[in-house]
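What follows is the residue order along each chain.
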Amino acid sequence: MKNSLKYNIAAGIICFLSHVALAQTPIYKDRSKPLDERAKDLVSKLTLEEKASLLGYNSKAVPRLGIPAYNWWNEGLHGVARAGEATIFPQAIGMAATFNDDLIKQVSTVISTEARAKYNLAIAQDRHLQYMGLTFWTPNINIFRDPRWGRGQETYGEDPYLTATIGSAFVRGLQGDDPHYLKTSATAKHFAVHSGPEAVRDKFDAIVDEKDLRETYLYAFHALVSGAHVESVMSAYNRVNGVPNSVNKMLLTDILRKEWGFKGHVVTDCGALDDVFSTHKTLPGPVETAAAAIKAGINLDCSTVLQNDVVKAIKQGLLTENEVDQRLTELLKTEFKLGFYDDPNNIPFHTYGADSVHNAAHVALSRKVAEQSMVLLKNNNNVLPLDKAKYPSMMIIGPNAAAFDPMIGNYHGVSSKVVNFVEGITGAVGPETRIEYDLGANYDDTTHFGGTWAAGNTDVTIAVIGLSPVLEGEAGDAFLSKSGGDKKDLSLPESEIKFMKALRQSVRNKPVIAVITAGSDVDVSAIEPYADAIVFAWYPGEQGGNAFADILFGKTSPSGHLPLTFYKSINDVPDYQDYSMKDRTYRYFNKPVQYPFGFGMSYTSFEYKTQTAPAKQYKLKDSVSVTVNVKNTGKMAGDEVVQAYIEYPNIDRMPLKELKGFKRVAVAQGGEQAASIRIPVSDLQKWDMKKHAWQLYPGEYKLVLGSNSQDAKLTYSFTIK
């Protein structure tokens with residue numbers, strides 16, 4: 001009896017202490033509480049000065065509340081960047097060339113896995129370093145409207161639908177599918193109407209009307225917010241119709257939050273708030289800018305304006321503390337979603353470690369993406385694929401054959417196992433094959449071409465030429481660019497053109513295979529006469545050399561497709577600073593081109609046959625559905641990308657045609673695969689300038705299926721009433 005009484009007393013004390021401990025647990029640390037309630041509780045415990053300190057990207061620790069120091073600035077455009085050993089995937093433009101959103105989701109899933117692992121390893125050593133965090137300022141979903149833009153390589157090309165589809169897949173892989181926690185946080189950037197010129201981006205005013213704004217420049221952002229639930233949006237440097245993006249209430253609040261229902265946080269591009277008063281000069285100083293940014297919808301500043309001047313703005317009556325609280329609450333919710341204030345054992349990614357970084361499976365995926373991204377532009381007399389047995393000696397030559405930069409593009413990571421073109425080809429043949437390598441030329445030498453004579457003594461020559469991230473990229477980074485990171489025209493370096501001509505003369509009738517690395521449209525015609533086959537390799541990532549060798553020797557058939565138009569001349573497109581979409585991209589450009597949007601050759605051939613045709617009439621709530629059988633009629637297995645384009649009724653300012661669906665299918669030699677595409681009729685709406693709203697126009701439409709934007713293997717007509 002006494003023992004029982006003691007037990008009951010002890011149990012009662014334990015229960016009492018548990019209730020006391022629970023009562024003392026602050027709301028913001030209680031995982032069972034709603035997210036909004038937790039974030040508001042934490043903000044309520046902060047002083048005004050502490051609140052301000054958390055509004056900058058390099059936010060300060062608040063030890064008394066368990067708020068960690070955290071650097072929000074992290075990059076992961078095509079692999080965890082600037083953070084040590086990580087898998088490097090093909091540059092973003094190359095990923096778009098796969099036309100394979102399922103594959104790109106696998107890529108970003110790997111990136112988020114490596115990010116979590118690297119974060120765990122850093123935190124275990126109490127390191128709170130830039131680029132080792134979980135908030136990634138990617139993807140770049142700006143429209144590559146002009147081939148001069150150096151940062152176009154970071155995008156998914158010129159088409160809003162392709163950009164939205166690939167971008168959404170990338171976001172889903174980064175953020176994961178756990179119901180309670182974000183794996184990492186993704187950021188859709190740069191919001192909005194941003195695609196050069198690089199040299200004047202800090203003061204440039206992009207003038208655009210409502211129709212182009214809605215149908216082209218905001219389309220992908222809307223998709224990532226409403227469909228992929230991207231956690232963050234980054235405001236751009238430039239002005240839009242006179243208003244700097246980082247203080248643009250119409251964009252950041254009226255459209256983004258109120259119209260689209262965005263629930264995440266908005267971060268400025270780095271130094272963009274300083275630009276408001278220093279280069280745009282639309283506000284007198286940092287205090288006024290800090291107030292305007294908070295009121296417009298900015299949550300986080302990639303500079304120090306908010307940290308330094310929010311308190312001053314409140315004291316001057318330009319801002320209220322409640323407005324700051326609202327923005328900080330929205331920001332800190334991201335930290336809660338990432339698990340910063342919870343027991344790590346509750347977070348499903350807390351055990352990721354070194355074995356989750358750059359492992360064999362991740363490297364294999366990088367190779368697969370590179371294979372699917374490379375675009376075959378020419379293949380005279382089916383010279384490719386090469387039969388190794390027929391070519392006992394090879395010359396690999398050119399300025400990009402063994403270079404590191406053209407493999408990795410910009411916003412890149414580092415890897416201990418990058419395989420360049422020389423290494424990839426050499427590794428794919430046996431030691432009985434004689435291989436030579438020579439630089440051949442550089443980007444500015446127009447008279448001396450080493451190795452061309454030696455090429456004449458080999459059976460086949462692979463010449464790797466093109467551009468590099470030092471010739472095209474972001475202002476300041478592309479230091480060899482003569483236009484602040486941009487290109488002045490479509491030309492390849494003059495030295496490469498002369499080199500290819502000299503090479504052709506040296507090797508006479510022996511095959512020359514040209515490989516072009518670049519992140520944008522270039523004038524292929526300048527070297528086309530001197531090459532029997534041409535492969536456009538983009539900036540193909542760490543496995544680019546192996547991937548190209550797989551294509552060169554026929555281990556896989558090329559299946560990449562251009563996510564942008566290759567124009568004949570820069571003179572065919574409007575002035576670079578003109579943001580109207582008239583005469584831009586395949587949607588509005590109606591002149592001859594080098595290669596059309598969506599173009600890409602294969603080693604095999606395909607036929608399409610209708611399995612299920614679309615209906616003849618549709619309404620707004622319907623979807624246009626079609627299924628076709630794709631038959632491989634060639635001599636080897638290969639992937640086909642079925643592209644679905646809509647042609648609209650003859651109404652003013654309608655696109656000539658528009659990609660509205662695609663499906664990649666793998667088809668065995670002699671085999672067939674079904675490809676189904678579904679297009680919501682609501683996605684055929686256009687912006688009505690008079691009603692300031694989306695409008696579905698009645699009339700006759702066409703659905704055209706083919707392998708590029710100028711191919712029409714199957715055509716169907718339907719009406720909308």
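What you see is a predicted model, and the numbers here were worked out from it, not measured in a lab.

Criteria and thresholds
Residues numbered from 1 in each chain as written. Predicted model: local features only at pLDDT ≥ 70, side-chain atom pairs only at ≥ 80, totals over all residues. Heavy atoms only, no water. Helix = DSSP H or I, 4+ residues; strand = E, 2+ residues; numbered from the N terminus. Rg over C-alpha atoms; globule rule 2.2 N^0.38 Å. Buried < 20%, exposed > 50% of the residue type's maximum accessible area, 1.4 Å probe, protein only. Pairing = 2+ DSSP bridges. Axes fitted to C-alpha atoms, helices over the stretch in contact; angles between N-to-C directions. Disulfide = S-S within 2.5 Å. Arc of directions from axis to C-beta. Contact = heavy atoms within 4.5 Å. Polar contact = N/O pair within 3.5 Å; in protein donor to acceptor, adjacent residues only side chain to side chain. Left-handed = near helix turned anticlockwise from the far one by under 90°. Phe/Tyr/Trp six-rings, centres within 6.5 Å; stacked < 30°, edge-to-face > 60°. Lys, Arg positive; Asp, Glu negative; His and termini not counted. Salt bridge = Lys/Arg side-chain N within 4 Å of Asp/Glu carboxyl O. Core = buried A, V, L, I, M, F, W, Y, C linked by side-chain atoms within 4.5 Å.

Trainee: So what's going on with the overall build of the chain? Which residues, and what values?
Mentor: The number of helices and strands found in the chain is 20 helices and 26 strands. For the chain, whose C-alpha radius of gyration is 28 Å, the value lies close to the compact-globule estimate of 27 Å for 721 residues. Principal axes of the C-alpha set define a box for the chain whose edges measure 100 × 65 × 55 Å. Within the chain, the proportion of its 721 residues that are buried is 62%.

Trainee: Report on the sheet that holds strand E12 (residues 460-466), specifying residues and quantitative values.
Mentor: Spatially, the six strands line up as an open sheet ordered E9-E14-E13-E12-E10-E11, and their pairing is mixed. Each edge of the open sheet carries a strand with a single partner, namely strand E9 (375-379) and strand E11 (434-438). Between one strand axis and the next, the sheet turns by 15 degrees as a mean value, whatever way the strands run. Strand direction decides the pairing type here: strand E10 (residues 393-397) and E12, joined by four bridges, are parallel. By the bridge assignment, Ile397 is partnered in E12 with Ala463.

Trainee: Outline the sheet that holds strand E22 (residues 672-680), listing residues and values.
Mentor: The three strands lie next to each other as E17-E19-E22, forming an open sheet whose pairing is antiparallel. Every other strand in the sheet has two partners, leaving strand E17 (606-612) and E22 as the edge strands with one partner each. Neighbour to neighbour, the strand axes of the sheet diverge by 30 degrees on average, direction disregarded.

Trainee: Tell me what's going on with the state of the cysteines, and back it up with residues and numbers.
Mentor: One pass over the structure, following the stated rule, counts one disulfide. Disulfide pairing is shown between Cys270 and Cys302; the S-S distance is 2.0 Å. Handedness here is read from the sign of the S-S torsion; for Cys270 and Cys302, about 75 degrees, the answer is right-handed. Of this pair, Cys270 sits in the loop between strand E8 (265-268) and helix H10 (272-278) while Cys302 sits in the loop between helix H11 (286-296) and helix H12 (305-315), placing them 32 residues apart in sequence.

Trainee: Any chance you could break down helix H16 (residues 421-428) for me, citing the residues and the numbers?
Mentor: Taken together, the buried positions of H16 are Phe421, Val422, Gly424 and Ile425. Down the axis, H16 shows its buried residues gathered within 170 degrees of arc, on one side only. Those residues of H16 hidden inside the fold are in contact with E10, helix H15 (405-408), E11, E12, strand E13 (512-517) and helix H19 (544-552). N-capping of H16 is provided by Asn420, with a side-chain oxygen placed 3.1 Å from the backbone N of Val422.

Trainee: Just give me the short version of the packing of helix H5 (residues 101-124) against helix H6 (residues 160-175), but keep the residues and values in it.
Mentor: Close contact between H5 and H6 brings their axes to 7 Å; oriented N to C, the two are set at 35 degrees. Along this stretch, H5 crosses H6, giving a crossing that reads as right-handed. Within the contact between the two elements, H5 uses Asp101, Ile104, Lys105, Val107, Ser108, Thr109, Ile111 and Ser112 and H6 uses Thr165, Ile166, Ala169, Phe170, Arg172, Gly173 and Leu174.

Trainee: Would you mind going over the packing of aromatic side chains in detail, with residue names and values included?
Mentor: Here the structure, examined in full by the defined rule, presents 29 aromatic pairs. A centroid spacing of 6.4 Å and a plane angle of 70 degrees characterise the contact between Phe144 and Trp149, whose relative ring orientation is edge-to-face. Neither residue differs from the other here; Phe144 and Trp149 are each classed as buried. Seen from their ring centres, Tyr595 and Phe599 are 5.3 Å apart, and the 35 degrees between their planes marks the pair as tilted. For the residue pair Tyr595 and Phe599, the accessibility class agrees, reading buried in each case.

Trainee: Report on the side chain of Arg239, specifying residues and quantitative values.
Mentor: Tracing the backbone through its elements, the reader meets Arg239 in strand E6 (residues 239-240). For the buried Arg239, which has no salt bridge, the nearest side chain bearing the opposite charge is Asp205, at an N-O separation of 4.0 Å. Setting aside chain neighbours within four positions, we find Arg239 in contact with Lys203, Phe204, Asp205, Ala206, Pro244, Asn245, His280 and Thr282.

Trainee: Go over helix H8 (residues 219-226), please, and point to the residues and values.
Mentor: Of all the residues in H8, the buried ones are Tyr219, Ala220, Phe221, Leu224 and Val225. Buried-residue contacts for H8 involve H6, strand E3 (187-191), helix H7 (210-217), strand E5 (232-235), helix H9 (249-259) and strand E21 (658-667).

Trainee: Tell me about the pairing of E21, and please be specific about residues and values.
Mentor: For a regular strand, the rule is simple: side chains alternate between the two faces of the sheet. By the criterion of burial, E21 is predominantly enclosed, with eight of the ten residues buried. Of the strand pairs in this sheet, strand E20 (residues 638-647) and E21 are connected by nine bridges, and their pairing is antiparallel. What sits directly across from Glu640, in E21, is Val665.

Trainee: Report on unusual backbone geometry, specifying residues and quantitative values.
Mentor: Each neighbour pair has its own omega, and for Phe191 with Ala192 the value is 10 degrees, a cis peptide bond. Here Ala192 is to be found in the loop between E3 and strand E4 (205-206). Backbone geometry places Lys281, a non-glycine residue, at a positive phi of 60 degrees. Its location among the elements puts Lys281 in the loop between H10 and H11. The phi angle at His692 is positive, at roughly 55 degrees, despite the residue not being glycine. By the element assignment, His692 lies in the loop between strand E23 (686-688) and strand E24 (693-695). A residue is classified by how much of its surface remains accessible, and His692, at 48% relative accessible area, is partly exposed.

Trainee: Describe the nonpolar core, with residues and values.
Mentor: Core analysis: the largest hydrophobic core is formed by 120 residues, its most contacted members being Val107, Trp137, Phe191, Val193, Leu306, Val310 and Leu659. It is H5 that provides the largest number of residues to this core, a total of eight residues. Those residues within four positions of Trp137 in sequence are excluded, and the remaining contacts are Tyr57, Trp72, Trp73, Asn74, Glu75, Thr187, Lys189, Met234, Val267, Cys270, Leu300 and Cys302.

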